[in-house]
Amino acid sequence: MFLPSRLWLRDGEGGYRPCDRSTDPDGWLTAAYTDTPLVTRFTDGLPSSSASMPSMVLELGTGTGFNAALLCVLLGDDAVSTVELDPLLAVRGERNLQAAGFAPAVSCGDAAAGRPPGAPYERVVATFSVDRVPTAWVEQTAAGGRIVTPWTSAWCRYGTLALTVGPGGTAHGRFHAFASFMPMQRPDQDTAGPAPAPH
């Protein structure tokens, strides 16, 4: 219900191959129910949005709306807010959520700015990786609240950072192994698919 009709799957050779529901309904359905990330969009030939693997539940970056739906099941619609940078993805995610019977607060905007309406939050979670935690996330999280985000840096391209917010705009925590997510994005136009392989 939350996935587009065309997905991009790892091809086993370092690239991606399309999987279209209309031409390969069985393959598409198998991919939809596999515990693996599914690329749903490319920008400038690189993956820029995906449906996270179902065993990972994080939020800031609405994407398909799936993670927001999981959070609504756990917490109730009124307790969930989600922010998506791309207007088209925000609309698509909100439609998917409505079709599934969920109504969290869906906003279109830069997730680095958080979402002041509704703050302070008990949990701030992201479905994209960052190389520094935006100040707004710390400011909008209640003391004792948690921030969880995938992490990337020059020395580490995967992992999760889990922080507890303290008094006075401080946060402390640990890096945890596992998880690789798309990096934080700025608005761009869709491209048809992955960049062609070099010859």
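To start, this report covers the structure provided alongside it. (Residues numbered from 1 in each chain as written. Predicted model: local features only at pLDDT ≥ 70, side-chain atom pairs only at ≥ 80, totals over all residues. Heavy atoms only, no water.)

### With respect to the overall build of the protein
Summing up its helical and strand segments, the protein has 4 helices and 10 strands in all. Expressed as a percentage of the 199 residues in the protein, the buried residues total 47%. A separation of at least 24 residues holds for 45% of the contacts in the protein among residues at least 6 apart in sequence. Split by element, the accessible area of the protein, about 10900 Å² in all, is 56% carbon and sulfur. (Helix = DSSP H or I, 4+ residues; strand = E, 2+ residues; numbered from the N terminus. Buried < 20%, exposed > 50% of the residue type's maximum accessible area, 1.4 Å probe, protein only. Contact = heavy atoms within 4.5 Å. Areas by Shrake-Rupley, 256 points an atom, 1.4 Å probe, with all protein chains shown as cover.)

### Re the environment of Pro 167
With respect to the helices, strands and loops of the structure, Pro 167 is situated in the loop between β9 (160-165) and β10 (171-176). Pro 167 gets classed as exposed once you look at its relative accessible area, which sits at 70%.

### So, the pattern of salt bridges
Counted under the stated rule, the structure contains 2 salt bridges. As a salt-bridge pair, Asp 20 and Arg 6 come within 3.5 Å of each other at their nearest N and O atoms. Note that Asp 20 is positioned in strand β2 (residues 16-20) and Arg 6 in strand β1 (residues 6-10), a separation of 14 residues in sequence. Put simply, Arg 41 and Asp 86 hold a salt bridge, and the shortest N to O gap is 2.6 Å. One end of the pair, Arg 41, is in strand β3 (residues 38-43); the other, Asp 86, is in the loop between β5 (81-84) and α3 (87-99), with 45 residues separating them in the sequence. The two residues Arg 41 and Asp 86 agree in class, both being buried. (Salt bridge = Lys/Arg side-chain N within 4 Å of Asp/Glu carboxyl O.)

### Topic: the packing of aromatic side chains
All chains considered together, the criterion is met by 5 aromatic pairs. Counting every residue linked through ring pairs, the aromatic cluster contains Trp 8, Tyr 16 and Phe 42. (Phe/Tyr/Trp six-rings, centres within 6.5 Å; stacked < 30°, edge-to-face > 60°.)

The values are spatial; any link to function lies outside them.
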